[in-house]
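A look at the structure
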Amino acid sequence: MRHSDPPPILAIIVPCYIEAPVLPATDKELSALLENLKSVGKVAECSYVVYVDDRSDDNTWEVICGLTGNHSKGIRLSRHSGHQVALMAGMEYALDSFDCCITIDADLQDDISVIPNMIDAYRRGADIVYGVRTNRMCDSRTKRITAAGFYSTMHKLGVECVSNHADFRLMSSRAVEDLLEYKERNLFLRGIVPLLGYDQEMVYYKRKERTAGITKYPLKKMLDFAADGITSFSVTPVRMLLWLGLAVTAIGLGIGIYTLVRHFMGETIEGWTSLMLSIWFCTGVLLIGLGIIGEYIGKIYIEVKQRPRYKISDKTESPK
Ligand code: UDP
Ligand code: MG
C-alpha cells in the first residue's frame, strides 16, 4: 500500500544517555533537516524530534529542556533503562502523533542525509526502512571483528537480522503499533523488527566518527548485548549443548572401554594424566551447560515478572 499524500508527520526519536556535549549540535542539524524537509513538502509541518533522556548522570536533561530547535520535545525516563528501552519509550510516547518515525543515535554517527531517501521509501509503500552501513572503518578493530562474528552467528542460528544495521531505521505507525505488542523485557529490536513483516526496504550510508562524548557500548556491554540478542531469539545453543553432552558421553564410553581393557591387561597404575584431563574437561562442559541453561532460565525469570519496561518521569512542554 502506498503512503502517498498528504506529506507524512515524521517524528525523529533520539535516545540520549550522557549526551550533553553533543546534543546542541545534534539538535541544530536535526532542526535544519526538518526545516528543509518541510519546505520541500516531504514531511508535514508538524513533524518533530523527541529526545529521550535515559536518566543520564550528567546534565543531559537540562540541555534537552533548553534546546532551541522549535521542533523539539523531550521525555525523561524515571530510571536508567538502556538504549533499546529508551527507543521503545520514545516511539510509544510519540505514537499518536506521527505517521512514520525514524530512530537515530544522539551522536549522529548515522548519516542524516539519507533520511529523505527513507521517507521516499516510506511513501512508495515501505513500512520499515533500515539504514545499513556500507563501511565500518571508523569502528575499532575489535568492534569490527566482534560485529562480523555476531551477525554471522545470528544468521547461522537462523535469526532474521539485517547485517550492519543498528537502530537507524524508519517505521510506520502501524509497524510501531505491532512492535509494541512484543512485550518482552529482553529487548533486541534488530531481531524483532524483521519479524513484523510488511514491505521492508534498505538505504545505505557511510557511518561517521562520533564528534563528542564517548561510546556507551564498551566491549563488555557490546558482548552482553550480543549474548542477549542470541539467547532472546534462538534456543539453538541449548540444543547444541545436548549434542555436546552426547558427544562427550560417547568419548567417555570409549575411554571406559579403553580403561577396562588396560585393567584386564594388568596395567592400571598409570592414569593420573587422563584422570585429571577427564575431570577438568567434564567439569568445563558441565559448567558451560549450566551457564547456557542459566542464561535462558534467567530470561524466563525476568519475563515472568512482567515488570513495566520504563516509566516517564518528566516531559518538556508539548511542541515549543
Ligand atoms: N544510549 C542510551 N542508553 C544507554 C546507552 C546508550 O540511551 O544505556 C544511547 C546513546 O545516548 C546513543 C545511542 O544510545 O544515542 C547509541 O550509543 P553509542 O553512540 O554510545 O553507541 P555506539 O555508536 O558507540 O555503538
Ligand atoms: Mg554512536
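Data block above holds the structure.
Note on numbering: residues in each chain are counted from 1, in written sequence order. Ligands are numbered from 1 and chains lettered from A, in the order in which they are written. With pLDDT at 70 or above as the cut-off, local features in this predicted model cover only qualifying residues; side-chain atom pairs require 80 or more to be listed or tallied, and sums for whole chains, interfaces and linings still use all residues. The basis for the side-chain values is all heavy atoms of the structure; hydrogens and waters are excluded.

Here the focus is the environment of valine 176. Helix and strand assignments follow DSSP, with helices taken as H or I runs no shorter than four residues and strands as E runs no shorter than two, numbered in order from the N terminus. Mapped onto the elements, valine 176 comes out in helix 6 (residues 173–180). Accessibility expressed as a relative area gives 1% for valine 176, which makes it buried. Along the chain, valine 176 and glycine 289 lie 113 residues apart, while their C-alpha atoms are 37 Å from each other. Contact criterion: two residues are considered in contact whenever any of their non-hydrogen atoms come within 4.5 Å of each other. Once you skip the residues sitting within four places of it in the chain, valine 176 turns out to touch Met91, Leu95, Phe98, Cys101 and Met171. Partly exposed residues are those whose accessible area sits between 20% and 50% of the maximum for their type, while under 20% is buried and over 50% is exposed, using a 1.4 Å probe and protein chains only.

Now for the coordination of the magnesium ion (ligand 2). All of the protein donors around the magnesium ion (ligand 2) are Asp107 (OD) and Gln109 (OE1); their distances to the metal are 2.0 Å. Just as aspartate 107 is buried, glutamine 109 falls in that class too. In this analysis a donor is any N, O or S atom within 2.8 Å of a metal ion (3.2 Å for sodium, potassium and calcium), and since water is not included, sites may seem incomplete.

A cutoff of 4 Å decides nearness: a residue is near a molecule or strand if any of its heavy atoms lies inside that distance of it. Neighbouring ligand 1 are 19 residues, the closest being Glu19, Asp54, Asp107, Thr215 and Lys216. Glutamate 19 is positioned with one of its side-chain polar atoms (N or O) 2.6 Å from an oxygen atom of ligand 1. Polar contacts, as used here, are pairs of N or O atoms within 3.5 Å; protein pairs need one atom able to donate a hydrogen and one able to accept it. Residues neighboring in sequence count only if both atoms are side-chain atoms. Taking alanine 106, its main chain carries an N or O atom lying 2.8 Å from an oxygen atom of ligand 1. Each accessible area value is a Shrake-Rupley result obtained with a 1.4 Å probe; residue values ignore everything except the protein chains displayed when judging cover. In isolation ligand 1 offers 540 Å² of accessible surface; the protein chains occlude 95% of this area. Because more than half of its atoms lie within 2 Å of the grid, ligand 1 is assigned to the largest pocket. Each residue is assigned to one of three groups, with Ala, Val, Leu, Ile, Met, Phe, Trp, Tyr, Cys and Pro labelled nonpolar, Asp, Glu, Lys and Arg labelled charged, and all others, Gly among them, labelled polar. Split by residue class, the shell around ligand 1 holds 5 nonpolar, 5 polar and 9 charged. A 1.4 Å probe that fits into a set of points on a 1 Å grid over the protein atoms alone but cannot get out defines a cavity; an open set with protein on both sides within 12 Å along at least five of seven lines defines a pocket, and lining residues are those with an atom within 4 Å of a point. Criterion for pocket placement: a molecule counts as inside a cavity or pocket if more than half of its atoms are within 2 Å of its grid points.

Packing of helix 3 (residues 83–94) against helix 6 leaves a shortest axis separation of 10 Å and a crossing angle of 125 degrees. Judged by the angle between their axes, helix 3 and helix 6 are oblique. As helix 3 packs across helix 6, the resulting crossing turns out to be left-handed. Contacts from Met88, Met91 and Glu92 of helix 3 reach helix 6 at Val176, Leu179 and Leu180. Of the residues assigned to the contact of helix 3 with helix 6, the class counts are 5 nonpolar, no polar and 1 charged. Every axis corresponds to a line fitted to the C-alpha atoms, with the helix fit spanning only the stretch in contact, and the corresponding angles, defined between N-to-C directions, vary from 0 to 180 degrees. Each angle is binned into one of four classes, with values under 35 degrees roughly parallel, values over 145 roughly antiparallel, values of 65 to 115 roughly perpendicular, and all other values oblique. The crossing is said to be left-handed when, going from far helix to near helix, the turn is anticlockwise and less than a right angle, and right-handed when the turn is clockwise.

It is worth spelling out the packing of aromatic side chains at this point. Ring geometry is summarised as follows: Phe, Tyr and Trp rings, the Trp one being its six-membered ring, pair when their centres sit within 6.5 Å, and such pairs are stacked at plane angles under 30 degrees, edge-to-face over 60 and tilted between the two. Applying the stated rule across the entire model yields 4 aromatic pairs. The rings of Phe150, Tyr151, Phe188 and Phe225 are connected pair by pair, giving a single aromatic cluster. Two conditions define a charge sitting above a ring: the NZ of Lys or the CZ of Arg must be within 6 Å of the ring centre, and it must be within 35 degrees of the ring normal. Between the NZ or CZ atom of lysine 73 and the centre of the ring of tyrosine 48, over which it lies, the distance is 4.2 Å.

This next bit is on the side chain of arginine 76. Relative to the assigned elements, arginine 76 resides in strand 3 (residues 72–77). In this structure the side chain of arginine 76 is engaged in a polar contact, spanning 3.2 Å, whose partner is the side chain of aspartate 53. If sequence neighbours within four positions are ignored, arginine 76 has contacts with Asp53, Arg55, Ser56, Trp61, Lys311, Ile312, Ser313 and Asp314.

With 12 residues, helix 3 should reach 16 Å at 1.5 Å per residue; the first-to-last C-alpha distance of 17 Å fits that figure. Across the 12 residues that make up helix 3, a large majority, 10, are buried. Within helix 3 the residues assigned to the buried category are His83, Gln84, Val85, Ala86, Leu87, Met88, Ala89, Gly90, Met91 and Ala94. Expected span of a helix: the number of residues minus one, times 1.5 Å.

Looking now at the sheet that holds strand 7 (residues 200–206). Think of it this way: DSSP has to see at least two bridges between two strands before they count as a pair. Reading across from one edge, 7-5-6-4-1-2-3-8 is the order of the 8 strands in this open sheet, with mixed pairing throughout. Of all strands in the sheet, those bounded by a partner on one side alone are strand 7 and strand 8 (312–315). Within the sheet, the average angular offset between the axes of one strand and its neighbour, ignoring direction, is 20 degrees. In terms of strand pairing, strand 3 meets strand 8 through 3 bridges, oriented antiparallel. In the strand pairing of strand 8, leucine 77 is matched with isoleucine 312. Its contacts with the sheet put helix 3 on strand 1 (10–16), strand 2 (48–53), strand 3, strand 4 (100–103), strand 6 (169–172) and strand 8, and the angle it makes with strand 1 is roughly 150 degrees. On the sheet, helix 6 packs against strand 4, strand 5 (128–135) and strand 6 and is oriented at approximately 90 degrees with respect to strand 6.

This paragraph deals with the environment of cysteine 101. Secondary-structure assignment places cysteine 101 in strand 4. What makes cysteine 101 buried here is its relative accessible area of 0%.

Time to look at a nonpolar patch on the surface. The patch calculation keeps residues exceeding 30% relative accessible area without a salt bridge and links them within 9 Å when they carry like charges or within 5 Å when they are nonpolar (Val, Leu, Ile, Met, Phe, Trp, Tyr). A side-chain nitrogen of Lys or Arg and a carboxyl oxygen of Asp or Glu constitute a salt bridge if their distance falls within 4 Å. Together, Ile293, Ile297, Ile300 and Val304 line one region of the surface with nonpolar side chains, adding up to about 380 Å² of accessible area. With respect to the helices and strands, isoleucine 300 occurs in helix 10 (residues 272–304).

The backbone phi angle of isoleucine 18 is positive, close to 55 degrees, even though this residue is not glycine. Taking relative accessible area as the criterion, isoleucine 18 reaches 28% and is therefore assigned partly exposed. For asparagine 164, which is not glycine, the phi torsion reads 60 degrees and is therefore positive. Relative to the helices and strands, asparagine 164 resides in the loop between helix 5 (141–156) and strand 6.

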